[in-house]
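Next come the chains, spelled out residue by residue.
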Amino acid sequence: MGSTSTPSPGARPRDWILHLDLDQFIAAVELLRHPELRGKPVVVGGTGDPTQPRTVAATATYEARAYGVHSGMPLRTALRRCPDAVFLPTDPPAYEAASQRVMDVLREHPVRVEVWGWDEAFIGAATADPEALAAALQHAVRERTCLDCSIGIGDNKHQAKLASAFAKPAGIYRLTSDNWAGVMNDRPTDALWGIGAKTARKLAAHGLHTVAQLAAADPADLARHFGPTNGPWYRYLALGRGEAEVVTTPWIARGHSRETTFTRDLTDAADVAAHVTALAQQVARDATEAGREIIRVTVKIRSTPFLTRTRQSTLPAPTTDAAVITDTARAILARHDLTRPIRLIGVAVDYTMPARETETEPGPTPGP
């Protein structure tokens, strides 16, 4: 199903990076609970009501994808494309529990596991036969959780991440420095992990359409056009390079957010303020329950037609005081332009970090 390599007799173990990606994870968890839906088009999202406005698909089974349904698509659009689809509500606790079971299975093997989300993890291991290891991990996950996964093998995380996509569904694929050029050179630049469609268009405007062209580009020229950090980094990706360290320390959240999308646009300032207050109180409670202190508050407003703006303030001292968080959020709200109807409100906070994390940059604030 993918590029494989048979180890030569007497091959010595070496370090490899594997990327495990659970196939159609959310849908797969739902099908375990609803086996009668196997083989049918299933879409998971929101409350499961496709007529509800402004709700999107979290995932879709391969049968639904055949109709053009994909994650992030409005449920109403999914219903039009696939009227016979079964729509189910999302159930995050169930997905969290299923993910934890998978990660526990991986940790039973002589590998290092770096969790990247519900449905993916990087795995570090020293072995002479990475395909055999990948097959053993796939078998163990399938036997213990009834979930399928695809596994990419690489010299670094970038290669392994791309390889797992080539392995889908439920396959194994090796992408290393040895076959990088043959596999990647003719592909568009947005085939690289870390280059999206917008950046690819900018690169194309400078005559850089393929991975090979980007790899051959002058780093100084890239730095002039795309910045001293991003420009050379794009070439670094095109050469197949990437981080090769698997970090097993538990991930620590740098922040937290709550947001609400409204089925009808808000136009009353008092209603907007009330929602900001409620969200601010929620994130304050969340911080207290998590045992974290807040150092920064951000308020996101999305108005019609689809204009998103964020404003933030740094607190004078770390706190979990709901009154302080609420007052700060309302003060930030006053800095927003509220003349347009509002379709979404979000409140996010940044946390203080343990001493070993303080040199890292603060967590992301709500994006558009």
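Details of the structure are given in the entry above.
Moving on, we come to the overall build of the protein. Helix and strand counts for the protein stand at 13 helices and twelve strands. Based on the C-alpha atoms only, the size of the protein along its principal axes is roughly 75 × 55 × 45 Å. Scored against the burial criterion, the 368 residues of the protein give a buried share of 44%. Here the analysis covers contacts within the protein between residues at least 6 apart in sequence; of these, 64% occur between residues at least 24 apart. Element-wise, carbon and sulfur atoms account for 52% of the exposed surface of the protein, whose accessible area totals about 18,500 Å². Here the protein holds 41 positive side-chain charges and 41 negative ones, and the gap between their average locations is 5 Å.

Turning our attention to the sheet that holds strand β2 (residues 42-44). An order of β3-β2-β4 is seen for the three strands of this open sheet, with the pairing classed as mixed. Since the sheet does not close on itself, it has two edges, and those belong to β3 (59-60) and β4 (86-88), each with one partner. Here β2 runs beside β4; their pairing, made up of three bridges, is parallel. Paired with Val 43 across the two strands is Phe 87, which belongs to β4.

Here Asp 23 is to be found in the loop between β1 (14-22) and α1 (25-33). With a relative accessible area of 5%, Asp 23 lands in the buried category. A polar atom in the side chain of Asp 23 sits 2.8 Å from the side chain of Lys 168.

Here we have five strands laid out as an open sheet, ordered β5-β6-β1-β7-β8, and mixed in their pairing. Edge positions in the sheet fall to β5 (112-117) and β8 (172-174), since each has one partner strand and no second. Averaged over neighbouring strand pairs, the angle between their axes works out to 20 degrees when direction is ignored. Inspection of the sheet shows β1 paired to strand β7 (residues 149-154) by six bridges, in the antiparallel sense. Considered in β7, the bridge of Leu 22 is made with Cys 149. The sheet strands contacting helix α4 (residues 92-107) are β1, β5 and β6 (120-127), and the helix crosses β5 at an angle near 165 degrees.

All right, on to α1 then. Most of α1 is tucked away: seven of the nine residues are buried. Here α1 has its buried residues at Phe 25, Ile 26, Ala 27, Ala 28, Val 29, Glu 30 and Leu 31. Those residues of α1 that are buried lie in contact with β1, β2, β3, β4 and α4.

Below, the discussion takes up the packing of aromatic side chains. Under the defined criterion, the tally for this structure stands at seven aromatic pairs. Put simply, the rings of Trp 116, Phe 122 and Trp 193 pair up and form one aromatic cluster. For Arg 14, the ring lying beneath its charged end belongs to Trp 16, and the centroid distance is 3.6 Å. Sitting over the face of the ring of Phe 122, Lys 157 holds its NZ or CZ atom 5.4 Å from the ring centroid.

Once that is clear, we can look at the pattern of salt bridges. Side chains that carry opposite charge are capable of pairing whenever their charged atoms lie near each other. Under the criterion given, the structure shown has 16 salt bridges. For Arg 33, the salt bridge is made with Asp 91, and the minimal N-O distance between the two is 2.8 Å. Residue Arg 33 is located in helix α1, and its partner Asp 91 is located in the loop between β4 and α4; the two are separated by 58 residues in the primary sequence. Overall, Asp 91 belongs to the partly exposed group, its relative accessible area being 23%. Residue Glu 243 is joined to Lys 157 by a salt bridge in which the shortest nitrogen-to-oxygen separation is 3.6 Å. Here Glu 243, found in the loop between α11 (230-238) and β9 (255-266), pairs with Lys 157, found in helix α6 (residues 157-167); they are 86 residues apart in sequence, far enough to count as distant. Each of Asp 21, Asp 23 and Lys 168 takes part in salt bridges that share partners, so that together they form one network.

Our focus in this paragraph is the environment of Ala 58. Mapped onto the elements of the fold, Ala 58 is located in the loop between β2 and β3. Along the sequence, Ala 58 and Pro 89 sit 31 residues apart, while their C-alpha atoms lie 9.3 Å from each other.

What follows covers α6. Taking burial as the measure, the eleven residues of α6 include nine buried ones, the bulk of the element. Burial in α6 covers these residues: Lys 157, His 158, Gln 159, Ala 160, Lys 161, Leu 162, Ala 163, Ser 164 and Ala 167. Its side-chain oxygen 3.1 Å from the backbone nitrogen of His 158, Asn 156 forms the N-cap of α6.

Let us now look at the pairing of β5. Pairing between β5 and β6: five bridges, direction antiparallel. What sits directly across from Val 115, in β6, is Ala 121. From the end of β5 to the start of β6, which pair antiparallel, there are two residues.

For the rest of this paragraph, the subject is the side chain of Thr 298. Mapped onto the elements of the fold, Thr 298 is located in strand β10 (residues 294-303). Overall, the relative accessible area of 1% leaves Thr 298 in the buried class.

What counts as what
- The residue numbering used here restarts from 1 in each chain and proceeds along that chain's sequence as written.
- Under the rules for a predicted model, residues below a pLDDT of 70 receive no local features and side-chain atom pairs below 80 are neither given nor counted, while totals for whole chains, interfaces and linings still include all residues.
- Only hydrogens and water are removed before side-chain values are computed, so all heavy atoms of the structure are retained for them.
- Helix numbers and strand numbers start at the N terminus; a helix is a DSSP run of H or I with at least 4 residues, a strand a run of E with at least 2.
- Here the term buried applies to any residue with accessible area under 20% of the maximum for its type, exposed to any over 50%, and partly exposed to those in between, with areas from a 1.4 Å probe on protein chains only.
- Contacts between residues were defined by any pair of non-hydrogen atoms, one from each residue, lying within 4.5 Å.
- Here the accessible surface of atoms and residues is derived via Shrake-Rupley with a 1.4 Å probe, and residues count as covered only by protein chains that are part of the display.
- Working convention for charge: Lys and Arg count positive, Asp and Glu count negative, and His plus the chain ends are omitted.
- Charge positions are represented by NZ for Lys, CZ for Arg, CG for Asp and CD for Glu.
- Strands qualify as paired when DSSP identifies two bridges or more between them.
- Polar contact is the term for a pair of N or O atoms within 3.5 Å; when the atoms are in protein, one must be able to donate a hydrogen and the other to accept it, and sequence-neighboring residues count only if both atoms are side-chain atoms.
- Lines fitted to C-alpha atoms define the axes here, with helix axes fitted over just the stretch in contact, and angles between the N-to-C directions of these axes take values from 0 to 180 degrees.
- Between rings of Phe, Tyr and Trp, where Trp is taken as its six-membered ring, a pair exists when centres lie within 6.5 Å; planes separated by under 30 degrees are stacked, by over 60 edge-to-face, and by other angles tilted.
- Two thresholds decide whether a charge sits over a ring: the Lys NZ or Arg CZ must be within 6 Å of the ring centre and within 35 degrees of the ring normal.
- Definition used for salt bridges: Asp or Glu carboxyl oxygen within 4 Å of a side-chain nitrogen of Lys or Arg.

Taken by themselves, the reported measurements are silent on function.
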